[in-house]
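Each chain is listed here by its residues.
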Amino acid sequence: LEAAFDPQDLKRRSVQGGAATLAAQALKFLIRFGSAVVVAHLLSPAEFGLVAMVSPILGFVSTLNDLGFGSAIIRAPEITSRQISALFWRNLLLSIGLAALLGISAPLISRLYHEPRTISVTIALGFLLVLSTLGIMPNALLKRELRFIPLACVDLVSLITGTAVTITAAIMGFGYWSLVIGQLANSFAGVVLAFG
């Protein structure tokens, strides 16, 4: 697969992509702000805090998971389907390994915080690593082809899905689990849309 565009097409795609990305970022900010206000009325600060305890650890492990596999696809002048497939499976195996490591470390994290509920939250959020990895390759291919409008749509629709699931789960009384379920729904929707 070779990413080649004539200068006129490149300019058009860049302008449209920039406008779509900017609009999507503004909408995402409004959705996040609005949902934060709504969810803050439905959940207690302690429930937010429970999920926030695990977030820095998940963030660190996510950094290890992102070893530039997507960037390799975007930046390569030419890349074959076989190379894309190899990168995908390597990245997926890495994320499964990191999710398993996170699961094994969950009791240790629980001891660190003196909060046994973080064990199940850590294990559940470990699945986010695998879900996010499934979306890396299709998103990278969209970026490679300068298809920023579909990318912005994927981002926006997955955020709306995750937000709707979070609010619904909170209304139904799932407590702090509504935050976890919402994040998983966001990632799952992103993967489904990216492959669609």
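See the structure above.
Quick notes on the rules
- Residues numbered from 1 in each chain as written.
- Predicted model: local features only at pLDDT ≥ 70, side-chain atom pairs only at ≥ 80, totals over all residues.
- Heavy atoms only, no water.
- Helix = DSSP H or I, 4+ residues; strand = E, 2+ residues; numbered from the N terminus.
- Buried < 20%, exposed > 50% of the residue type's maximum accessible area, 1.4 Å probe, protein only.
- Contact = heavy atoms within 4.5 Å.
- Areas by Shrake-Rupley, 256 points an atom, 1.4 Å probe, with all protein chains shown as cover.
- Lys, Arg positive; Asp, Glu negative; His and termini not counted.
- Charge placed at Lys NZ, Arg CZ, Asp CG, Glu CD.
- Phe/Tyr/Trp six-rings, centres within 6.5 Å; stacked < 30°, edge-to-face > 60°.
- Expected span 1.5 Å × (residues − 1).
- Core = buried A, V, L, I, M, F, W, Y, C linked by side-chain atoms within 4.5 Å.
- Patch = residues over 30% accessible without salt bridge, like charges linked within 9 Å, V, L, I, M, F, W, Y side chains within 5 Å.
- Salt bridge = Lys/Arg side-chain N within 4 Å of Asp/Glu carboxyl O.

From N to C terminus, the protein chain includes seven helices and zero strands. Counting helices and strands in the order they occur from the N terminus, the protein chain gives α-α-α-α-α-α-α. A principal-axis box enclosing the C-alpha atoms of the protein chain has dimensions of 60 × 35 × 25 Å. Expressed as a percentage of its 196 residues, the buried residues of the protein chain come to 38%. Counted over contacts in the protein chain with a minimum sequence separation of 6, partners at least 24 positions apart contribute 81%. For the protein chain, the exposed area adds up to about 11,100 Å²; of that, 70% sits on carbon and sulfur atoms. In the protein chain, 13 positive and 9 negative side-chain charges are present, and the distance between their average locations comes to 2 Å.

Now for the packing of aromatic side chains. Considering all chains together, one arrives at three aromatic pairs under this definition. Between Phe-88 and Trp-89, the ring centres sit 5.1 Å apart and the planes meet at 80°, which makes this aromatic pair edge-to-face. The buried category is assigned to Phe-88, whose relative accessible area is 14%.

On to helix α7 (residues 177-195). A rise of 1.5 Å per residue sets the reference length of α7, with its 19 residues, at 27 Å; its end C-alpha atoms lie 27 Å apart and thus fit the reference within 8%. Those residues of α7 that sit buried are Ser-178, Leu-179, Val-180, Gly-182, Ala-185, Ser-187, Ala-189, Gly-190, Val-191 and Ala-194.

Our next topic: the nonpolar core. Grouped together as the largest cluster of nonpolar side chains are 33 residues, with contacts concentrated most on Ile-73, Leu-125 and Leu-129. Put simply, the parts of the chain that give this core at least two residues each are α2 (45-65), α3 (69-75), α4 (81-113), α5 (118-144), α6 (148-171) and α7. What Ile-73 contacts, discounting residues up to four positions off in sequence, is Ile-79, Ile-84, Leu-87, Met-137, Ala-140, Leu-141 and Arg-144.

Judged by side-chain polarity, Leu-27, Phe-29, Leu-30, Phe-33 and Val-37 come together as a nonpolar surface patch covering roughly 520 Å² of accessible area. Tracing the sequence through the fold places Leu-27 in helix α1 (residues 7-42).

Following the sequence through the fold, Thr-166 ends up in helix α6. When the C-alpha atoms of Thr-166 and Leu-179 are compared, they prove to be 5.6 Å apart, with 13 residues separating the residues in sequence.

This part is about the pattern of salt bridges. As enumerated under the stated definition, the model contains three salt bridges in all. Across the salt bridge formed by Asp-155 and Lys-28, the nearest N and O atoms sit 3.0 Å from each other. Here the residue Asp-155 occupies a position in helix α6, and Lys-28 occupies one in helix α1, the gap between them amounting to 127 residues. Overall, the relative accessible area of 37% leaves Asp-155 in the partly exposed class. Relative accessible area serves as the criterion here: at 8%, Lys-28 is assigned to the buried category. Where Arg-147 meets Glu-145, a salt bridge forms, and the shortest distance between an N and an O atom there is 3.6 Å.

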